[in-house]
There are 2 protein chains.
Amino acid sequence: MNIITIERKVMEKNDEIARQNRALFSQHGIFVFNLVSSPGSGKTSILERTLEYLKGKVQIAVIEGDVQTDIDAKRIALYNIPVVQIVTRGGCHLDAQLVHDALNNLPLPNIKILIIENVGNLVCPANYDLGESMKVVVASTTEGDDKPLKYPAMFRIASALIVNKIDLVPYVNCDLKRLERNALQINPQLKIFETSCTTNQGISDWAEWLASRVHQHS
Amino acid sequence: MNIITIERKVMEKNDEIARQNRALFSQHGIFVFNLVSSPGSGKTSILERTLEYLKGKVQIAVIEGDVQTDIDAKRIALYNIPVVQIVTRGGCHLDAQLVHDALNNLPLPNIKILIIENVGNLVCPANYDLGESMKVVVASTTEGDDKPLKYPAMFRIASALIVNKIDLVPYVNCDLKRLERNALQINPQLKIFETSCTTNQGISDWAEWLASRVHQHS
C-alpha cells in the first residue's frame, strides 16, 4: 500500500518536470520524439538512416539514453549534430529530470527536432512523460508478431509504430499483417511505417513524415 | 531521498520472500532457472524446443511471466506439463511474492526442474531475486553484438547465456565472436550456448546441460 502511494508521488514529480520541459520545447518551437522499443530493435540504426536522409534539411538534435556506455552517442556524433548521452547506471527508463538536465547542454534556439532515444525497454518508459510531443515505438520483425498484445501500454501510448527489419521477414516467424493488426487492435490511431536499415526501404517515408511534423508545429 | 529508502525496503522484503522460495525449492529438490531477455529474443521458443527434447526424461514445470496475455502459457500447456501464468498488468518484472503465489498451483513433489520465464526486459528483472538456482539470459543475434555492454547488470548476474537465432547471422549485423567476447568481458564465468529454434541447432547441448543440473543438485 505504501509503495503505491510513493510511486504516485514519484510520478507527480516527474509529470511536473515534464510540463516544464514541454513549455521549454514550445517556447523554442522544438518538436520532440521519444523513441522507445526493446533492446536491439534498431532505434539507433533508424536514427542513423534518418539523419543521413534529413542532413541539411532540418536542424536535429539527439538525446541518447542508455543503461550503460556511450556507444550510441558516439555513433550519432558522427553525423555532426548536437548529441547528449544520458547513462542511467541501471535505471530502466529516462525520466523528465534527466532530460531536463540534458537540455542544458543543447543549443535549443538552433533545434527544430529533438529525438530522445530511450533506454531499450518495452515496459517502464511507457509510464514516464519526458515532455515529448509524441512517443514512437519501434518493433522489429525478429521479435515476432505478438508484441503489441504482450506489451500493450507502450503501443497504446505511442502515436506511431515503426516496424523495423522488414528485410528479415522471409527468415523469421513473423506475420507482418498480423503484427500490424495486433498493434491497431491496441491503438487504432497508430501511424505505421515499415522500414529496413539494411536496404533503406521505408526510411524516406518515415523521415519525410518526421520532418513534416515541424511545419505542422510552427 | 525518500524514494531510495523505500526502494531498499521493497528489495529487502523481496529478498526475504526469495529466501523462503529458495528453502521450499531445496526441500523438494527442485532446480530453478530464471529465464530473462529482451522481448522477442525467443525465450518461449527455446522452452518449446527444450520441452520437446527432454519430454519423458525429466519432470519439468514452467511459470510464465507476462505483462499481459496468456499466449505463452497456452503454447507451453500443449506439452502437457504443469504451467502457471503470471500476468503483471504493467509490472516490468516478476518478484518473489508473485512466484511464491504461483507455487501454490504447482505439484512441487513431482517437479525436478522449474523454469520461470520472466517478463521480457533486460533491465529490471536483474534486481529481483525470485529464489532461483540460477539466471539464464537469452540474447538473439538480431539484437546486435553490443547488448552485454549496454545492459551489463543482467549479463553479470546470469550463470549462462543462450545466443539464440544463430541461423539469422548471415542476414544481420552481428559478429557472433564479438557478442560472446563482450559477454565474457562483463562476466568471465558465463556458460555460453548457441541455439536456433528454427533449425534446432544447439538445442540438445543446452537441454542436456539443463537436465544435468538436476543430478548435480540431488
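So, how was this worked out
Residues numbered from 1 in each chain as written. Chains lettered and ligands numbered in written order. Predicted model: local features only at pLDDT ≥ 70, side-chain atom pairs only at ≥ 80, totals over all residues. Heavy atoms only, no water. 1 Å grid on protein atoms, 1.4 Å probe; cavity = no way out; pocket = protein on both sides within 12 Å on 5 of 7 lines; lining within 4 Å. Points joined across faces, edges and corners; volume = space filled by probe spheres on them. Helix = DSSP H or I, 4+ residues; strand = E, 2+ residues; numbered from the N terminus. Buried < 20%, exposed > 50% of the residue type's maximum accessible area, 1.4 Å probe, protein only. Pairing = 2+ DSSP bridges. Contact = heavy atoms within 4.5 Å. Axes fitted to C-alpha atoms, helices over the stretch in contact; angles between N-to-C directions. Core = buried A, V, L, I, M, F, W, Y, C linked by side-chain atoms within 4.5 Å. Arc of directions from axis to C-beta. Least-squares fit on C-alpha atoms with pLDDT ≥ 70 in both. Phe/Tyr/Trp six-rings, centres within 6.5 Å; stacked < 30°, edge-to-face > 60°. Lys NZ or Arg CZ within 6 Å of the ring centre and 35° of its normal.

Some points on empty space enclosed by the protein
Residues and elements named next belong to chain A. A complete count under the given rule lists one cavity of 30 Å³ or more for this structure. Volume-wise, the largest cavity comes out at about 40 Å³. Taken together, Phe 33, Leu 35, Ile 46, Leu 47, Thr 50, Ile 115, Trp 206 and Leu 210 form the lining of the largest cavity. For the lining of the largest cavity, the secondary-structure elements that each account for two or more residues are strand E1 (31-37), helix H2 (43-54) and helix H8 (203-217). Among the elements that make up the lining of the largest cavity, the one with the highest residue count is H2 (three residues).

Remarks on the pairing of strand E4 (residues 113-117) of chain B
Residues and elements named next belong to chain B. Of all five residues making up E4, five are buried, and the element is well covered by its neighbours. Side chains Ile 113, Ile 115 and Glu 117 of E4 all project onto a buried face; the interleaved residues Leu 114 and Ile 116 project onto the opposite face, where all are buried too. Examined bridge by bridge, strand E1 (residues 31-37) and E4 share five bridges and lie parallel to one another. Paired with Phe 33 across the bridge in E4 is Ile 115.

Quick look at the side chain of Lys 150 of chain A
Of note, Lys 150 of chain A is situated in helix H5 (residues 147-150). Not counting residues up to four positions away in its chain, the partners in contact with Lys 150 of chain A are Asp 66, Val 67, Gln 68, Thr 69, Ile 71 and Asp 72 of chain B.

Observations regarding the sheet that holds strand E2 (residues 60-66) of chain B
Residue and element names in this part refer to chain B. On the basis of which strands lie adjacent, the open sheet formed by seven strands has the order E3-E2-E4-E1-E5-E6-E7 and parallel pairing. The open sheet terminates on both sides in strands that have one partner only, identified here as strand E3 (83-87) and strand E7 (191-194). Averaged over all pairs of adjacent strands, the angle between their axes in this sheet comes to 20°, without regard to strand direction. Strands in contact with helix H2 (residues 43-54) are E1, E2, E4, strand E5 (134-140) and strand E6 (160-164); relative to E2, the strand with the most contacts, it is inclined by about 170°. Contacting E2, E3 and E4, helix H4 (residues 96-103) crosses the sheet at an angle of about 145° to E3.

Here's the deal with the nonpolar core
By size, the foremost hydrophobic cluster in this structure holds 52 residues, and its most contacted members are Val 137, Phe 155 and Leu 161 of chain A together with Val 137, Phe 155 and Leu 161 of chain B. Among the secondary structure elements, those contributing two or more residues to this core are strand E5 (134-140), helix H6 (152-157), strand E6 (160-164) and helix H7 (176-186) of chain A together with E5, helix H6 (152-157), E6 and helix H7 (176-186) of chain B.

Examining helix H4 (residues 96-103) of chain A
Of the positions making up H4 of chain A, those classed as buried are Ala 96, Val 99, Ala 102 and Leu 103 of chain A. Down the axis of H4 of chain A, the buried side of the element spans an arc of 120°, and every buried residue falls inside it.

A look at the relation of the copies chain B and chain A
With an RMSD of 0.0 Å, the fit of chain B onto chain A corresponds to turning through 180° and sliding 0.0 Å along the axis. In symmetry terms, the pair is related by a two-fold rotation axis. A symmetric contact is evident, with 100% of the interface residues of chain B recurring at the interface of chain A.

Brief notes about the packing of aromatic side chains
All names here are of chain A. If you walk through the whole model with that rule in mind, you get 11 aromatic pairs over all chains. Ring plane angle 75° and centroid distance 5.6 Å describe the contact between Phe 193 and Trp 206, whose orientation is recorded as edge-to-face. Of the two residues, Phe 193 is situated in strand E7 (residues 191-194) and Trp 206 in helix H8; the sequence distance between them amounts to 13 residues. The same class applies to Phe 193 as to Trp 206, namely buried. The interplanar angle of 55° and the centroid separation of 5.2 Å between the aromatic rings of Phe 193 and Trp 209 together place this pair among those described as tilted. One end of the pair, Phe 193, is in strand E7; the other, Trp 209, is in helix H8, and 16 residues separate them in sequence. Taking relative accessible area as the criterion, Phe 193 reaches 7% and is therefore assigned buried. Clustering of aromatic rings is evident, with ring pairs tying together Phe 31, Phe 33, Phe 193, Trp 206 and Trp 209. Positioned above the aromatic ring of Tyr 53 is the side chain of Lys 57, whose terminal nitrogen or guanidinium carbon lies 4.2 Å from the ring centre.

Everything listed is a geometric property; what it means functionally is a separate question.
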